[in-house]
10 protein chains.
Amino acid sequence: MAQQQRLATLDSSMADRLPAYSRSLFDAKTEKGLTFEAIAQHLGRAEVAVAALFYGQAQASAEDVDRLSSLLGVPKEAIAAQMMGFPDRGRSGPMPPVEPLIYRLYEIVQNYGYSFKAVMNEKFGDGIMSAICFDTKVEKEVDETDTTWVVITLRGKWLPFSRF
Amino acid sequence: MAQQQRLATLDSSMADRLPAYSRSLFDAKTEKGLTFEAIAQHLGRAEVAVAALFYGQAQASAEDVDRLSSLLGVPKEAIAAQMMGFPDRGRSGPMPPVEPLIYRLYEIVQNYGYSFKAVMNEKFGDGIMSAICFDTKVEKEVDETDTTWVVITLRGKWLPFSRF
Amino acid sequence: MAQQQRLATLDSSMADRLPAYSRSLFDAKTEKGLTFEAIAQHLGRAEVAVAALFYGQAQASAEDVDRLSSLLGVPKEAIAAQMMGFPDRGRSGPMPPVEPLIYRLYEIVQNYGYSFKAVMNEKFGDGIMSAICFDTKVEKEVDETDTTWVVITLRGKWLPFSRF
Amino acid sequence: MAQQQRLATLDSSMADRLPAYSRSLFDAKTEKGLTFEAIAQHLGRAEVAVAALFYGQAQASAEDVDRLSSLLGVPKEAIAAQMMGFPDRGRSGPMPPVEPLIYRLYEIVQNYGYSFKAVMNEKFGDGIMSAICFDTKVEKEVDETDTTWVVITLRGKWLPFSRF
Amino acid sequence: MAQQQRLATLDSSMADRLPAYSRSLFDAKTEKGLTFEAIAQHLGRAEVAVAALFYGQAQASAEDVDRLSSLLGVPKEAIAAQMMGFPDRGRSGPMPPVEPLIYRLYEIVQNYGYSFKAVMNEKFGDGIMSAICFDTKVEKEVDETDTTWVVITLRGKWLPFSRF
Amino acid sequence: MAQQQRLATLDSSMADRLPAYSRSLFDAKTEKGLTFEAIAQHLGRAEVAVAALFYGQAQASAEDVDRLSSLLGVPKEAIAAQMMGFPDRGRSGPMPPVEPLIYRLYEIVQNYGYSFKAVMNEKFGDGIMSAICFDTKVEKEVDETDTTWVVITLRGKWLPFSRF
Amino acid sequence: MAQQQRLATLDSSMADRLPAYSRSLFDAKTEKGLTFEAIAQHLGRAEVAVAALFYGQAQASAEDVDRLSSLLGVPKEAIAAQMMGFPDRGRSGPMPPVEPLIYRLYEIVQNYGYSFKAVMNEKFGDGIMSAICFDTKVEKEVDETDTTWVVITLRGKWLPFSRF
Amino acid sequence: MAQQQRLATLDSSMADRLPAYSRSLFDAKTEKGLTFEAIAQHLGRAEVAVAALFYGQAQASAEDVDRLSSLLGVPKEAIAAQMMGFPDRGRSGPMPPVEPLIYRLYEIVQNYGYSFKAVMNEKFGDGIMSAICFDTKVEKEVDETDTTWVVITLRGKWLPFSRF
Amino acid sequence: MAQQQRLATLDSSMADRLPAYSRSLFDAKTEKGLTFEAIAQHLGRAEVAVAALFYGQAQASAEDVDRLSSLLGVPKEAIAAQMMGFPDRGRSGPMPPVEPLIYRLYEIVQNYGYSFKAVMNEKFGDGIMSAICFDTKVEKEVDETDTTWVVITLRGKWLPFSRF
Amino acid sequence: MAQQQRLATLDSSMADRLPAYSRSLFDAKTEKGLTFEAIAQHLGRAEVAVAALFYGQAQASAEDVDRLSSLLGVPKEAIAAQMMGFPDRGRSGPMPPVEPLIYRLYEIVQNYGYSFKAVMNEKFGDGIMSAICFDTKVEKEVDETDTTWVVITLRGKWLPFSRF
């Protein structure tokens, strides 16, 4: 096997910004050798959503906790209260991002922000795309020249500004 | 017709951060009553790319300039040199964005940045999604409950880190 | 009449951050001696919404433009295109605010932000109060000791985070 | 029971910015399964005020401490000195807020700040709404279309600038 | 006369941050050769308050405008509307201050801020000194060793935090 | 006794920014139930200066250490070396301040900075008020309407700019 | 031997920003008395790449881990999982850099950034030099006057902006 | 000819940060249709150095001015005094850079800064690479797979820290 | 003469931050071909002080204005009022400095700040070196190896902290 | 003996930013009762350089370590490796400095930066004063009026910009 699967782990210097269960979950994931894709299938949730659970950016349901607990072998009581609580979002990394992969996403907002706005305004009116009533996925596409492309889909409810 | 089409215009207080031709293009667009969708069809380019041309965030080809000039009635010589030059990207707005629509995109990066990274790393290896070898589109989706959704697709080439 | 009505005017050093029509509207308002309350009644809109129109933070309907134009004596064509366009919100002042009145609102967010979050989370679940599907009003209350109170009501739609 | 009551808990990565008693109070609250609403009723105080006590943003009276101690089973001596001391306010989270719920409140100040100022100035004169001689509450409203709204009331004493 | 009276003038590079009347007032003050002390006596107001009027940081009464207009020879109509409007305070200079004199005041807050807080809290309880219901003065003191001292008095109403 | 004396204590989340002896002094002060006023009298120093000693913003004399040690029951050797060393000033809190009481002092500098400068320049010439050769005090004033006022006096040596 | 070889070590105050294995590797390197040049030869990789491995800025292959482990005497299991994971890049130091050596590189970008852009654009078209598909080296050059020069080579793939 | 040579031009929104002659030089360059490579050959200087002259980041010799003047047809007197003066370097663009091409250079410093330092320190001792006694060039490399690479060489004198 | 004397001129993009007379003085200096050294001799003042006058960072005496006016041929009335007014110091450039020469001075403060403090504290006690009661000079030193050194002398009055 | 010698010590809240040996050295210095002057004499180095060694801002020679070790009684092996390594400079304190003594040095750069540049440029040409090939000293001067002056000498090699 030329290229063994490598797993996303939790950088120890980053753990302080995250809830305590993040470390337990990542440690168990590493030990079990599970990808986010595998965990997502087990939970019946999207891959990015599962990663967001691990980074403390999403709320778990009771069933999520059950399944995570049994799949990863982490005692339910060690994670249930915090994971089913209300996430304190937005603190997983600095902004502007210093991580090159995340910076590229930031750069897309920086460069195309007003273009997105203009196009959305003409298509939908005066409002915003919700980042709350929202889901997202990451897909792999390999074209005819064997080039690999990342395709990210952002899908949010359109919210028009109230007239008052 | 209950809701007349409204057009994206250029806020006068923003024009100083943009190249001089931005104002000419937006003024002509308003006068001709054209949407970015209409202009994009005429140019055979994507809607967001055309908005990016207007905001000085993308480079025009000679043919783009020809078609824009004839469609909008802007003299070619007034825009060709600058639009075919090399854009000085990234200055159309402040970061963090203060515009609510653009802020939501920024917030998605802030909240899900590390989740995107973890998922991409496991799917593609150690690298980034290019924001250069890249295209994007905005689509409207209306679901069965008549709710309107915005669907943004970000598609970039995967670039693995060199080993050296 | 002990205390003549004083009117909010547009500080000249602030005009550069706002759309061009802001100055025209404020100038006409001053000349006509109209309060935002009077204009709001004429437009059938809320007072804060009308001030937001003047500061370029809200979109006008065709009828708003008609009524403003006739009430203030500002030619419709001078304001219609921009006011009916899509506002580029969020740039009317610096953050953190330096204006004492606005700073106090900022301070309330700074001091009580997490308290609001905790209370809302327990009352509504995991989500946010929308600032888009939103309205607000300012009222005066004079209590039995003749003390004057400002009562601001913020009313936004509750948006639960999507599960995906 | 479809949706069990979930409780606001204290994110461990946030505890360092708060006084030591915050953690004790939140832990006890979780163990007792109490909402802020329940605690507020027991204390005879407003919900947001009680949350502010937990986050170290408000001063407790001797009676508050007595009641909290008996309700939560936290020894009085462990919390009395600090909770009855003078809070060092304003450090519970970063500004601009990164938490989406709190950011929306910040965005309201960013977008409507000058509109609030203009309306208040015309209604009350030259001054500010106090954030000190101040109270606030959060209410739930369900309209005829079954949509849920959050209604936040901010109520502060009007303070005119002194003439000197 | 060894040391001729020198007058505070308006730095041209600073005028853009101030209302338009600031320049007119300073120009007239220079031409008439008047100190703030002289103007303050004429207006029956405090010196710092008069300087604040010139810098657009305080609201003028109708009588202030009358007296300034006649003393300085500035047409009333050129200044009345703006000076009697509601000041947009806080933008006269950068923070942290770069001007050495102003920096020293900032440094006092930086070094003694928590000491002031501790002393006031013990003397007055949980609250703040108002910066709105507030006045201030600058006095000269020459001691027995012929050393010159500046004495600034800051006097603000004590506002206790509401209990709610 | 309607209102028991409450004491300023050291917020645990703030202790890291202060020298180690700050915590010992505050703890002993709390245990002994002493106000800064009482300690100041015992030391023959000003109240704000004593608070500054506690916050590590002022240098102690050998006599100060003796008296503090005996009054508070803190072993002299535990505090002498550091307290008689040279303070590393200015790090007790963030700037701009987030604490409302301290922010009000900052706001006074922000709003009246240039007014203070103009008045001082005309009264004293080109120079600054020293923040080093400097003392300050906080006093309580109750006026005829029973309103409580805080009076802060800042008194610094005038330092003219050298001509070279 | 006039000048003994000195080795780069890990500043203890910097270790918190880096992954846990950084400290182990640096400690072992110091104990073994190895330069990055020696380690690079052993690994068959570039010197800067090896330093980047130590600072947690590059991903190790299984073979890198084997060789590092045997060369440095660090147990493989202590470093393999993290070093073969996906680096969380960009957090090794503050930006702008405060270290003089690193600041000089930053200054080159600050001073010559637009010059590099103009020259590259004319040579290559509209695009960027990749920092991902990228390698770099540091060489020593001693000229005829015995002056020592540092020669840094940055070599990245040219990525043209997509037309879409 | 499929791809006509495109020239670097001066973005009008950037001109304010540069000396006045920048605009004249760029305008003349555009009109004459000259690349930096062509101008550099004419001046006998490096390409990046010539671009730096155009952006006001390098000092011109009398001969540079003569040659530029005759090549571009710009009157010598219009540019000589400023171009032969002492450049006020470092203000051509914001830091962190928002332009993607320049950001990639910044990212290299951010990611590899400490690695460069460690390698240089071991190779050269305790010191820095000068950014003053410094030259740089940009070269194109096309490898056997027809991939285009940018090769930037940074070459600076090694300066050891003085021992004192 | 191989190397003609070059003169410091005023960068046009910097003039907006400076008082209006700066431009007049620099223009006249250029036209007359005068160095700061020559002007300083004529005025009987230090070179740095004269440059500071030109940059609006120092106050002129009546005699300074007389001499400057006659030496440079600038009408006295064009500069007297502003130059003899009270400088608004500290705004001539950004901090941290982007100009390499000025950055090096900043870097000395960054690297040696605490060392200077420790040495001064032990030599002088608890206090500061005044930057107001202060003078400075720049000298050239050529050593036996023909190396040129810059020697800057900073000389300020020692101000001990008051005990209060 | 009226005024006993006080020694510079290491503020405990600052130690985290410094290398581990800083604390050992300062502790030993305090215990031995040694000034930097005394240590400098023992080492044959300048006072500021010795303080810089203590703060981790300068590299020690083997002989420095020997002498420090024997003078202070600190085991050589506890400090040699780190002190003879390559310092990670610039992190001893925040910039802008909050310490008043250090701020005054910063203020000198802020106020006189461009004046130093103009004078140096005219005296030396286009270049910088090195902060690397650099030494500095602090001296005491008492003038005829018994006033104490601090005299800081900054002496750096002049580095002309390369022409390339």
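Per an unreviewed UniProt entry, chain A goes by Cyanate hydratase and derives from Bombardia bombarda. Turning to chain A, the UniProt record has this under Catalytic activity (unreviewed entry): "cyanate + hydrogencarbonate + 3 H(+) = NH4(+) + 2 CO2". Listed in UniProt under the heading Function (unreviewed entry), the comment for chain A reads: "Catalyzes the reaction of cyanate with bicarbonate to produce ammonia and carbon dioxide."

Engineer: What exactly am I supposed to notice about the pattern of salt bridges here?
Structural biologist: Side-chain pairs of opposite charge can arise where the charged atoms are in close proximity. Here the structure, examined in full by the defined rule, presents 140 salt bridges over all chains. Close ionic contact of Lys29 of chain B with Glu122 of chain A constitutes a salt bridge, the shortest N to O distance being 2.4 Å. On the criterion of chain membership, the pair formed by Lys29 of chain B in helix α1 (residues 20-32) and Glu122 of chain A in helix α6 (residues 100-124) is interchain, its members lying in two chains. Like Lys29 of chain B, the residue Glu122 of chain A is buried in the burial classification.

Engineer: How should I be thinking about the packing of aromatic side chains in this particular structure?
Structural biologist: The geometry of two aromatic rings is summed up by the distance between their centres and the angle between their planes. The tally for this structure, following the rule as stated, stands at 100 aromatic pairs over all chains. Measuring from centroid to centroid gives 5.4 Å for Tyr103 of chain D and Tyr106 of chain D, while their planes differ by 40 degrees, and the two rings are tilted. In this pair, Tyr103 of chain D and Tyr106 of chain D both sit in helix α6 (residues 100-124), three residues apart, roughly one turn of the helix. For the pair Tyr103 of chain D and Tyr106 of chain D, a shared accessibility class is recorded, and that class is buried. When the centroid spacing of 5.8 Å and the interplanar angle of 45 degrees are considered together, the rings of Tyr55 of chain E and Tyr114 of chain F count as tilted. Placement of Tyr55 of chain E in the loop between α3 (47-54) and α4 (62-72) and of Tyr114 of chain F in helix α6 (residues 100-124) is noted, with the two residues assigned to different chains.

Engineer: Looking at this structure, how should I read the packing of helix α2 (residues 36-43) of chain D against helix α4 (residues 62-72) of chain D?
Structural biologist: Packed helix pairs are specified by the crossing angle of their axes together with the interaxial distance, meaning the distance between the axes. Residue and element names in this part refer to chain D. Closest axis-to-axis distance for the α2/α4 pair is 10 Å, and the angle between their directions is 130 degrees. Between α2 and α4, the angle is such that the two are oblique. As for the relative orientation of α2 and α4, their crossing is right-handed in sense. Along the contact surface, α2 presents Ile39, His42 and Leu43, while α4 presents Asp64, Arg67, Leu68, Ser70, Leu71 and Leu72. Of the residues in the contact of α2 with α4, the class split is five nonpolar, two polar and two charged.

Engineer: Please explain the relation of the copies chain D and chain C as it appears in this structure.
Structural biologist: Each of the two chain copies can be generated from the other by rotation about an axis followed by a shift along it. When chain D is brought onto chain C, the operation consists of a screw motion whose angular component is 180 degrees and whose axial shift is 0.0 Å, with 0.0 Å RMSD remaining. In short, the pair behaves as if placed about a two-fold rotation axis. Of every C-alpha in chain D, the one belonging to Thr153 of chain D sits nearest the axis of rotation, 2.3 Å from it. Looking at chain D, 100% of its interface residues are interface residues in chain C too, so the copies touch through the same face.

Engineer: How should I be thinking about the interface of chain I and chain J in this particular structure?
Structural biologist: Size of an interface: often given as the accessible area lost when the parts come together. If you look at the interface, chain I gives 73 residues, while chain J gives 72 residues. If you sort the residues of chain I by the area they bury against chain J, Leu101, Tyr114 and Glu122 of chain I come out on top, with a joint share of 12%. For the pair chain I and chain J, the number of links is eight salt bridges. With its nearest N and O atoms 3.3 Å apart, the salt bridge here joins Glu99 of chain I to Lys117 of chain J. If you look at where chain I meets chain J, you find 24 residue pairs in polar contact (both at pLDDT 80 or more).

Engineer: Teacher, can you tell me more about the interface of chain D and chain C here?
Structural biologist: The interface is formed by 72 residues belonging to chain D together with 72 residues belonging to chain C. Buried surface at the junction of chain D and chain C, summed over both partners, amounts to about 7,200 Å²; 71% is from carbon and sulfur atoms. Of all residues in chain D, the largest losses of buried area upon contact with chain C belong to Leu101, Tyr114 and Glu122 of chain D, amounting jointly to 12% of the total for that side. At the boundary of chain D and chain C, one finds eight salt bridges. For the pair chain D and chain C, the interface holds 24 residue pairs in polar contact (both at pLDDT 80 or more).

Engineer: I tried to follow helix α2 (residues 36-43) of chain F on my own but got confused; where do I start?
Structural biologist: Side chains that are three or four residues apart share a direction in an α-helix, a result of its 3.6 residues per turn. Listed as buried for α2 of chain F are Phe36, Ile39, Ala40 and Leu43 of chain F. Summarising the axial view, the buried residues of α2 of chain F lie within an arc of 100 degrees, below the 170-degree limit, and thus occupy one face. Next to the buried residues of α2 of chain F lie α6 (100-124) of chain E together with α1 (20-32), α3 (47-54) and α4 (62-72) of chain F.

Engineer: Would you explain the UniProt feature "active site" (unreviewed entry) in chain A in this entry?
Structural biologist: According to UniProt, the positions carrying the feature "active site" (unreviewed entry) are Arg104, Glu107 and Ser130 of chain A. One can find Arg104 of chain A in helix α6. When its relative accessible area of 1% is taken as the criterion, Arg104 of chain A is described as buried. When near neighbours in sequence (up to four residues on either side) are disregarded, Arg104 of chain A contacts Ile128, Met129 and Ala131 of chain B, Ile132 of chain G together with Arg104 and Glu107 of chain H.

The rules we used
- Along each chain, numbering runs from 1 in the same order as the chain's sequence is written.
- As they are written, the chains are lettered A onward and the ligands numbered 1 onward, keeping that order.
- Only residues with pLDDT of at least 70 are given local features in this predicted model, and only at 80 or more are side-chain atom pairs given and counted; all residues enter the totals for whole chains, interfaces and linings.
- Hydrogens and waters are ignored; side-chain quantities use all the structure's heavy atoms.
- UniProt positions are given in the numbering used here, feature names are shortened, and annotations may be inferred rather than shown by experiment.
- By definition here, a salt bridge exists when the distance from a side-chain nitrogen of Lys or Arg to a carboxyl oxygen of Asp or Glu is within 4 Å.
- Segments assigned H or I by DSSP are reported as helices when at least four residues long, segments assigned E as strands when at least two residues long, and all are numbered from the N terminus.
- The cut-offs for exposure are 20% and 50% of the maximum accessible area for each residue type, with area from a 1.4 Å probe on protein chains only; residues under the lower value are buried, those over the upper are exposed, and the others partly exposed.
- Geometry of aromatic contacts follows a simple scheme: Phe, Tyr and Trp rings, the Trp one being its six-membered ring, pair when their centres are within 6.5 Å, and the pair is stacked under 30 degrees between planes, edge-to-face over 60, tilted otherwise.
- Here an axis means a line fitted to C-alpha atoms, over the contact stretch when the element is a helix, while the angle between two N-to-C directions is reported on a 0 to 180 degree scale.
- An angle below 35 degrees is read as roughly parallel, one above 145 as roughly antiparallel, one from 65 to 115 as roughly perpendicular, and any other as oblique.
- In this scheme the handedness of a crossing depends on how the near helix is turned from the far one: anticlockwise by less than a right angle means left-handed, clockwise means right-handed.
- By definition, residues are in contact when any of their heavy atoms lie within 4.5 Å.
- Residues were grouped as follows: Ala, Val, Leu, Ile, Met, Phe, Trp, Tyr, Cys and Pro as nonpolar; Asp, Glu, Lys and Arg as charged; and all remaining residues, including Gly, as polar.
- Superposition of the copies used a least-squares fit over C-alpha atoms from residues whose pLDDT is at least 70 in both.
- Two parts lose some accessible area (1.4 Å probe) when they are put together, and adding that loss for both gives the buried area.
- Between N or O atoms, a polar contact is any pair within 3.5 Å; within protein, one atom must be a potential hydrogen donor and the other a potential acceptor, and residues adjacent in sequence are included only when both atoms are from side chains.
- Comment: arc refers to directions from the helix axis out to C-beta atoms.

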